[in-house]
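One-letter residues, chain by chain:
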Amino acid sequence: MFTLAHLSDPHIGPIPPPRLAELINKRGLGLINWYRKRHRHHRADVLEAIVQDMHAHAPGHIAVTGDLVNISLDTEFAGAARWLMSVGTAEHVTLVPGNHDAYIRRASGWAAQHWGEYMRGDDGAGFPFVRRRGPLAIIGLTTSLPTGPFMATGHLGGEQLARLAEILITLSREALFRVVLIHHPPIPNKRHYMKRLIDGPMFRALIAEHGAELVLHGHNHEQQLMWLDGPHGRIPAVGVPSASAIISDHDEPAAHNLYAIDGGPGAWSCEMVVRGLREGREITELQRKRLT
Ligand SMILES: [Fe+2]
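Residues numbered from 1 in each chain as written. Predicted model: local features only at pLDDT ≥ 70, side-chain atom pairs only at ≥ 80, totals over all residues. Heavy atoms only, no water.

Q: Could you clarify how one ought to interpret helix H3 (residues 74-87) in this entry?
A: Working note: α-helix, 3.6 residues per turn, so residues spaced by three or four point in the same direction. Between its first and last C-alpha atoms H3 spans 20 Å; for 14 residues at 1.5 Å apiece the expected length is 20 Å, and the two agree. Among all positions of H3, only Glu 76, Phe 77, Ala 80, Ala 81, Trp 83, Leu 84 and Val 87 are buried. Down the axis of H3, the buried set is contained in an arc of 165 degrees. They therefore lie on one face. Relative to its buried face, H3 has exposed residues pointing more than 90 degrees away, namely Arg 82 and Met 85. (Helix = DSSP H or I, 4+ residues; strand = E, 2+ residues; numbered from the N terminus. Expected span 1.5 Å × (residues − 1). Buried < 20%, exposed > 50% of the residue type's maximum accessible area, 1.4 Å probe, protein only. Arc of directions from axis to C-beta.)

Q: Mind showing me how you'd approach the packing of helix H2 (residues 44-56) against H3 here?
A: The relative placement of two packed helices comes down to the angle between their axes together with the axis-to-axis distance. Running from amino to carboxyl end, H2 crosses H3 at an angle of 30 degrees, the nearest separation of the two axes being 10 Å. With respect to each other, H2 and H3 are oriented roughly parallel. Two secondary-structure elements touch here, H2 through Leu 47, Val 51, Met 54 and His 55 and H3 through Trp 83, Ser 86 and Val 87. Of the residues that constitute the contact of H2 with H3, the class distribution is five nonpolar, two polar and no charged. (Axes fitted to C-alpha atoms, helices over the stretch in contact; angles between N-to-C directions. Parallel < 35°, antiparallel > 145°, perpendicular 65-115°, else oblique. Contact = heavy atoms within 4.5 Å. Nonpolar A, V, L, I, M, F, W, Y, C, P; charged D, E, K, R; others polar.)

Q: I would appreciate a short explanation of the nonpolar core in the present structure.
A: Grouped burial of nonpolar side chains is what soluble globular proteins tend to show. Within the largest apolar cluster, 36 residues are counted, with the highest numbers of intra-cluster contacts made by Leu 7, Val 64, Leu 68, Trp 83, Leu 84, Leu 95 and Trp 115. Of all the secondary-structure elements, those providing two or more residues to this core are strand S1 (2-7), H2, strand S2 (61-64), H3, strand S3 (93-95), helix H4 (110-115) and strand S11 (269-278). (Core = buried A, V, L, I, M, F, W, Y, C linked by side-chain atoms within 4.5 Å.)

Q: Just to check I follow, could you spell out the coordination of the iron ion for this structure?
A: As a benchmark, a tetrahedral metal site with four donors has ideal angles of 109.5 degrees, while an octahedral site with six donors has ideal angles of 90 or 180 degrees. The iron ion binds to the protein through Asp 67 (OD), Asn 99 (OD1), His 183 (NE2) and His 219 (ND1); the donor distances cover 2.1 to 2.3 Å. Considering all four donor atoms around the iron ion, angles at the metal cover 83 to 169 degrees and the coordination shape is irregular. Read from N- to C-terminus, the donor residues coordinating the iron ion fall into the pattern D-x31-N-x83-H-x35-H. Highlighted residues: Asn 99 in the loop between S3 and H4 and His 183 in the loop between strand S6 (177-181) and helix H6 (200-210), separated in sequence by 84 residues. Given a relative accessible area of 0%, His 183 falls into the buried group. (Donors = N, O, S within 2.8 Å, 3.2 Å for Na, K, Ca; no water. Tetrahedral: all angles 85-135°; square planar, octahedral: opposite > 155°, others 65-115°.)

Q: Even after reading the chapter, I still don't get the sheet that holds S3, so can you show me in this structure?
A: Strand pairing within a sheet occurs via backbone hydrogen bonds; the two strands may be parallel or antiparallel. Strands sit in the order S3-S2-S1-S10-S11-S12 across an open sheet of six strands; the sheet is mixed. With one partner strand each, in any of the chains shown, S3 and strand S12 (282-290) form the two edges of the open sheet. Taking the axes of each pair of neighbouring strands and ignoring which way they run, one obtains an average angle of 20 degrees across the sheet. Inspection of the sheet shows S2 paired to S3 by three bridges, in the parallel sense. (Pairing = 2+ DSSP bridges.)

Structural data, given as structure tokens:
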């Protein structure tokens, strides 16, 4: 039995003081948003409690699906790199970036620069990449790109989708449990139109044709389970709340998900345990569900 842990959207704070010149773009709006709302809802002690609880369950591997930073200041990336090291080594942790990790065009390459070793395949390849861990093939995708003000959309792009198809076909010939990591959820809801994955329909068509065993995402800051069409039946796609969210009416409280994976092709078993924040900073089991 192999345990995979998933957390997302830590939105590590506080934001280091920016220089004025750094705010003359979308970042200025982001900073206002941080001080108006976000800084009250994301807390370092909550994030620490989530990571500690996750470590206590000794997962075989940890998946992190983006939005480590807030407005993509270069100083935020260095701080997030230190946090990543506290979660685990690049061998033990796989990261895909979110929209806040490429908040403006100038910051596009900074995630790779600071966190690159967590975002590459066993062969050193960039997105889309594959890492093999126990019975898992972990496939990392990026949807992270700069967008205009008030937008938080994501995009995979034709080249990445074409390569993903090849990877899924190749992996289907091996006895591996394919886990796809992607920041944006594959199906948006109407409330999240400005935050959607633009080529989500293409991604879903590709999964329907070539299959995967599990899709993990972040972005919505909600515990979400949606089912995607697959070639041999439906495929679970699971989202997790922000790993630093306090108990409030703004977002769902922080949680991490654990997946116990066993079996083999045609007979995989996957049980999900949701562990999250309750009153008094306690992290407890909130849900247990068999996905396959
Ligand atoms: Fe996001």
